[in-house]
Amino acid sequence: MTEMTLEQRLDAVRQTIAQAAEGRHITLVGAAKTKPAEMVARAVRAGLEAVGENYVQEFRDKSAAGAYEGAQVHIIGHLQQNKVKYVAGKVDLIQSVDSLPLLEAIARRAASLEAVQDVLIEVNIGREPGKSGCLPEALDELLAGAAGLDGVRIRGLMAIPPAECSRAYFGPMYNLFVDNGRKKYDNVSMDFLSMGMSDDFADAIRQGANMVRVGSLIFGPRNYI
Ligand SMILES: *Cc1c(COP(=O)(O)O)cnc(C)c1O
């Protein structure tokens, strides 16, 4: 059996997306944690439209190496408040905002750079203890909290459901996305629903995701994490 190249794997993922999407546009975010800058650059040259990074240090290193040129960059991993200064106003989307203090810190930093930072609110839809994301009942407070914060704009929701039964959570996430979109919060536009990874992105799309984060299927297995 011959191994597929990175370009072929990316192509296969896109075909699966196209089949599941039935004409809707889906943003494919290549989750690049632990993968070297050269590999990321190669995926971008092959047309990957967005790269997702979990770690601020990796973002800084690969950014300095020019790996992202021509693509969007998203932060998809848990973001500590003391690292906000390295990313706010510098990336296209921070997908993993899960508290009001974090939202406010991002807004302050972006505003100081005269930028507006697009963010998603991460929801801990599986209510897993110790996992990042706000609980569904805390979502209202966060969405309402964006009003008056000049440095941020909430663009939608993100979730990492429990791996064993992720598919059971796509419907509930879609409902949150639609219901909160109808509520017309100030400074919130429910444009993106980010859910689905290598094992389940086609099902996530069928259940309403319009942004998927695919790592190992594009970049190959990771040695750690
Ligand atoms: C690693 C990661 C992904 C991609 O995971 P794969 O299973 O390799 O596709 C997606 N989202 C987040 C937040 C991740 O950390």
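Predicted, not measured: the structure shown is a model, and the values here were computed from it.

Asks: I'd love a proper account of the pairing of strand β7 (residues 188-194), names of residues and values included.
Replies: Pairing of strand β6 (residues 152-159) with β7, which is carried by four bridges, proceeds in the parallel orientation. Each bridged residue has a counterpart across the sheet, and for L157 the counterpart in β7 is L193. Once the chain exits β6 it traverses helix α7 (residues 167-182) before rejoining the sheet at β7, and the crossover so formed is right-handed.

Asks: Give a description of the nonpolar core that names residues and reports values.
Replies: Counting residues in hydrophobic clusters, the biggest one holds 66 residues, and the most contacted among them are I106 and L157. Per-element accounting of this core gives the leading share, six residues, to helix α1 (residues 6-21). Discounting chain neighbours no more than four positions away, the residues touching I106 are L79, V84, A88, I94, V97, Q117, V119 and V152. In this structure, V29, A50, L93 and M211 belong to the second largest nonpolar core, which totals six residues.

Asks: Describe the site of the ligand, and please don't skip the residues or the numbers.
Replies: Within the structure, the ligand sits among A31, K33, N54, I76, I160, M197, S198, R213, V214, G215, S216 and R222. K33 places a polar side-chain atom, nitrogen or oxygen, 2.7 Å from an oxygen atom of the ligand. In the model, a nitrogen atom of the ligand is placed 2.9 Å from a nitrogen or oxygen of the R213 side chain. Alone, the ligand offers 390 Å² of accessible surface; in the complex the protein occludes 90% of this. Residue composition of the shell around the ligand, by class: five nonpolar, four polar and three charged.

Asks: Summarise the pattern of salt bridges; cite the residues concerned and give the values.
Replies: Under the criterion given, the structure shown has 12 salt bridges. The shortest N-O distance in the salt bridge between K131 and E128 comes to 2.9 Å. Salt bridges here are not isolated pairs; linked through shared partners, they connect D118, R153, R155 and D191.

Asks: Help me get a handle on the pairing of strand β4 (residues 93-97), residues and values and all.
Replies: Here β4 lies mainly inside the structure; five of its five residues are buried. Where strand β3 (residues 72-75) lies against β4, two bridges are found, and the strand directions are parallel. By the bridge assignment for β4, H74 is matched with L93. Across two bridges, the pairing between β4 and strand β5 (residues 117-123) is parallel. For V97, the partnering residue across the bridge sits in β5 and is I121. Remark: the β4/helix α5 (residues 100-112)/β5 crossover connection has right-handed handedness.

Reading guide: rules and limits
- Residues numbered from 1 in each chain as written.
- Predicted model: local features only at pLDDT ≥ 70, side-chain atom pairs only at ≥ 80, totals over all residues.
- Heavy atoms only, no water.
- Pairing = 2+ DSSP bridges.
- Helix = DSSP H or I, 4+ residues; strand = E, 2+ residues; numbered from the N terminus.
- Right-handed = clockwise from strand over helix to strand, strands pointing away.
- Core = buried A, V, L, I, M, F, W, Y, C linked by side-chain atoms within 4.5 Å.
- Buried < 20%, exposed > 50% of the residue type's maximum accessible area, 1.4 Å probe, protein only.
- Contact = heavy atoms within 4.5 Å.
- Near = heavy atom within 4 Å.
- Polar contact = N/O pair within 3.5 Å; in protein donor to acceptor, adjacent residues only side chain to side chain.
- Areas by Shrake-Rupley, 256 points an atom, 1.4 Å probe, with all protein chains shown as cover.
- Nonpolar A, V, L, I, M, F, W, Y, C, P; charged D, E, K, R; others polar.
- Salt bridge = Lys/Arg side-chain N within 4 Å of Asp/Glu carboxyl O.

All quantities given are derived from atomic positions and should not be read as evidence of function.
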